[in-house]
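Coordinate analysis (summary)
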Amino acid sequence: MSDELSGIELTSTQRRVSHGISVTFPLKLKFNPSIARDPVKIGYVSTNYSMGYKADATFRLKNLTEEKVIETASSNLNCLKRILKWNVSNDILFFRISSNTVPFASHPMNTANWKEELRGLLKEVGSFIRDHYLRISMHPGQFTVINSEKREVVEASVRELEYHADLLDLMGVEGVIQIHVGSGSGGKERGLARFVRGFSLLPERIARRIAVENDDRIYTLRDCLVLNRELGIPVILDNLHHQVNSSGEGLSEAFSLARETWRGTPMTDYSSQEPGEEAGVHASTLDEDDFRRYVQEISRVGDADIMLEIRDKERSALKAVQVLRSMKVGKSRT
DNA sequence: CGCAGTCAAGGAGAG
DNA sequence: CTCTCCTTGACTGCG
């Protein structure tokens, strides 16, 4: 908020990016203060291995006490804050906050009043995020299935999504909650219909944060686009899932389709295939050549914030920042 | 990085 | 219906 340039629509196609270069994009961005500053942000998932503290610590259910929940969540949030600071000083401006931040947050056994007890800490982390224009996402685990055929699974999923929205609300940040379509039981048509029904159960404050991601087994980009038409929710393209499960669209076509579902800068998930493993296995470290090709492909279509789903997390994020710097796609920072 | 087994939670497929 | 496997990453107990 301190930067007077924040939120100003840049009419030129030259956009300054965070990595000391400018990239030419055919932009049609709308005014949006929280994301207007850095068109390309690199992100990674949940925690940082090299810093020596964890933002995704948890414990076994049998050890659950109210004190333990608060203690672990406080530690996670303090670590998150330090990680975000480290990220900013390394030009990494996108982050996926761990769903483990408050362990067992939506579990019926958890009676801790974490929303009250962590209010101050959450606000503090949120201020840092806003002050530095960080882009934030969250990704609930595989057990969050709002189109399940079992009522109790849908109900638990709604509670879990509620927790994610609470966390972001208490931080006071925009933040996307990305989920998969879920169960394909009875065929995709029925699965999509169940999704629409499940989604309608969500209150607005949760629903407005949801984005849907193509998966590697059942629901393709096309299926997600159907949900965008029905519900208006944005679509996150996962390039590796798309490689394994799609209707054959090339990367730039696929990205173009996904991009149209976003009002502002779209999020994408990026990974590459781990060599020698089964199709769909995420790389253990960034394949720089593959990543360079990826950026070239999608930047022909438009800007994006890129979440790296690569196992060595911040190490690959640093590499990705270097790759962007080394690319001859723009001018040096003025 | 020691390693193997275990862990709140679902789903798909086989039998 | 039950059972196994899929899949991810972290925890935990053991050597």
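Up top you'll find the structure we're talking about.
First things first, this report covers the structure right here in the doc. Small disclaimer: the values here were computed from a predicted structure and weren't measured.

**Structural notes on the protein's contact with DNA strand C**
Surrounding DNA strand C, one finds Y49, K54, D56, A57, T58, R60, N63 and Q142. The contact atoms of DNA strand C, taken as those within 4 Å of the protein, divide so that sugar and phosphate hold 80%. Y49 is positioned such that a nitrogen or oxygen atom in its side chain is 3.4 Å from a phosphate oxygen of DNA strand C. Within the side chain of D56, an N or O atom sits 2.9 Å from a phosphate oxygen of DNA strand C.

**Description of the packing of aromatic side chains**
When we look at a pair of aromatic rings, we describe it by the centre distance and by the angle of the planes. Throughout the structure, instances matching the rule amount to 7 aromatic pairs. Relative to F104, the ring of F59 has its centre 5.4 Å away and its plane inclined at 45 degrees; by these criteria the two rings are tilted. You can see F59 sitting in the loop between β3 (42-45) and α1 (66-89) and its partner F104 sitting in the loop between β4 (94-97) and α2 (114-117), a full 45 residues away along the chain. Judged by its relative accessible area of 10%, F59 is buried. Looking at F104, the relative accessible area reads 24%, which means it is partly exposed. The interplanar angle of 15 degrees and the centroid separation of 6.2 Å between the aromatic rings of F195 and F199 together place this pair among those described as stacked. In this pair, F195 and F199 both sit in helix α5 (residues 188-199), 4 residues apart, roughly one turn of the helix. Like F195, the residue F199 is buried in the burial classification. A connected cluster of aromatic rings, assembled from ring pairs, spans Y270, F291 and Y294. The ring of Y53 has R82 lying over it, and the distance from NZ or CZ to the ring centre is 4.6 Å.

**A short note on the pattern of salt bridges**
Using the criterion set out here, one finds 20 salt bridges in the structure. Here R205 makes a salt bridge to D169, at a shortest N to O gap of 2.8 Å. Here the residue R205 occupies a position in helix α6 (residues 204-207), and D169 occupies one in helix α4 (residues 151-171), the gap between them amounting to 36 residues. What makes D169 partly exposed here is its relative accessible area of 29%.

**Digging into the sheet that holds strand β8 (residues 235-238)**
Taken together, the 8 strands give a closed barrel; going around it, the order is β3-β4-β5-β6-β7-β8-β9-β10, and neighbouring strands pair in parallel fashion. The sheet shows a mean angle of 30 degrees between the axes of neighbouring strands, direction not considered. Of the strand pairs in this sheet, strand β9 (residues 267-270) and strand β10 (residues 305-308) are connected by 4 bridges, and their pairing is parallel. Bridging from a neighbouring strand, T268 pairs with I306 of β10. This element, α1, spans β3 and β4 of the sheet and lies at about 160 degrees to β4.

**Concerning the packing of α5 against helix α7 (residues 221-231)**
Running from N to C, α5 and α7 cross one another at 40 degrees; their axes reach a closest spacing of 11 Å. Read as a crossing pair, α5 and α7 show a hand that is right-handed. Facing α5, whose interface residues are K188, L192, F195, V196 and F199, α7 presents D223, V226, L227, E230 and L231. Residues that form the contact of α5 with α7 fall into these classes: 7 nonpolar, no polar and 3 charged.

**Thoughts on the protein's contact with DNA strand B**
DNA strand B sits among 16 residues. The nearest are R60, L61, H107, S148 and G184. Backbone atoms, meaning sugar plus phosphate, form 50% of the atoms of DNA strand B positioned within 4 Å of the protein. A distance of 2.8 Å is found between a base oxygen of DNA strand B and a side-chain nitrogen or oxygen belonging to R60. A distance of 3.0 Å separates a phosphate oxygen of DNA strand B from a polar side-chain atom of S148. Classifying every residue of the surface near DNA strand B by side-chain character gives 6 nonpolar, 7 polar and 3 charged.

**Focus on the environment of G141**
Within the secondary structure, G141 is located in the loop between β5 (135-138) and α4. The spatial distance from the C-alpha of G141 to the C-alpha of R292 is 29 Å, given a sequence separation of 151 residues.

**Observations concerning the packing of α1 against helix α3 (residues 119-131)**
In contact at an axis separation of 10 Å, α1 and α3 are set at 10 degrees when each is read in the N-to-C sense. Judged on the interaxial angle alone, α3 and α1 are roughly parallel. Here S74, L77, N78, L80, K81, L84, K85 and V88 of α1 lie close against α3, whose contacting residues are L121, L122, E124, V125, F128 and I129. Among the residues making up the contact of α1 with α3, the classes are represented as 9 nonpolar, 2 polar and 3 charged.

**Some remarks on the environment of P266**
Looking at where P266 falls in the secondary structure, it is placed in the loop between α9 (251-259) and β9. When neighbours within four sequence positions are excluded, P266 is seen to be in contact with R135, F255, R259, D303, A304 and D305.

Thresholds, definitions, all that
Residues numbered from 1 in each chain as written. Chains lettered and ligands numbered in written order. Predicted model: local features only at pLDDT ≥ 70, side-chain atom pairs only at ≥ 80, totals over all residues. Heavy atoms only, no water. Near = heavy atom within 4 Å. Polar contact = N/O pair within 3.5 Å; in protein donor to acceptor, adjacent residues only side chain to side chain. Phe/Tyr/Trp six-rings, centres within 6.5 Å; stacked < 30°, edge-to-face > 60°. Helix = DSSP H or I, 4+ residues; strand = E, 2+ residues; numbered from the N terminus. Buried < 20%, exposed > 50% of the residue type's maximum accessible area, 1.4 Å probe, protein only. Lys NZ or Arg CZ within 6 Å of the ring centre and 35° of its normal. Salt bridge = Lys/Arg side-chain N within 4 Å of Asp/Glu carboxyl O. Pairing = 2+ DSSP bridges. Axes fitted to C-alpha atoms, helices over the stretch in contact; angles between N-to-C directions. Contact = heavy atoms within 4.5 Å. Left-handed = near helix turned anticlockwise from the far one by under 90°. Nonpolar A, V, L, I, M, F, W, Y, C, P; charged D, E, K, R; others polar. Parallel < 35°, antiparallel > 145°, perpendicular 65-115°, else oblique.

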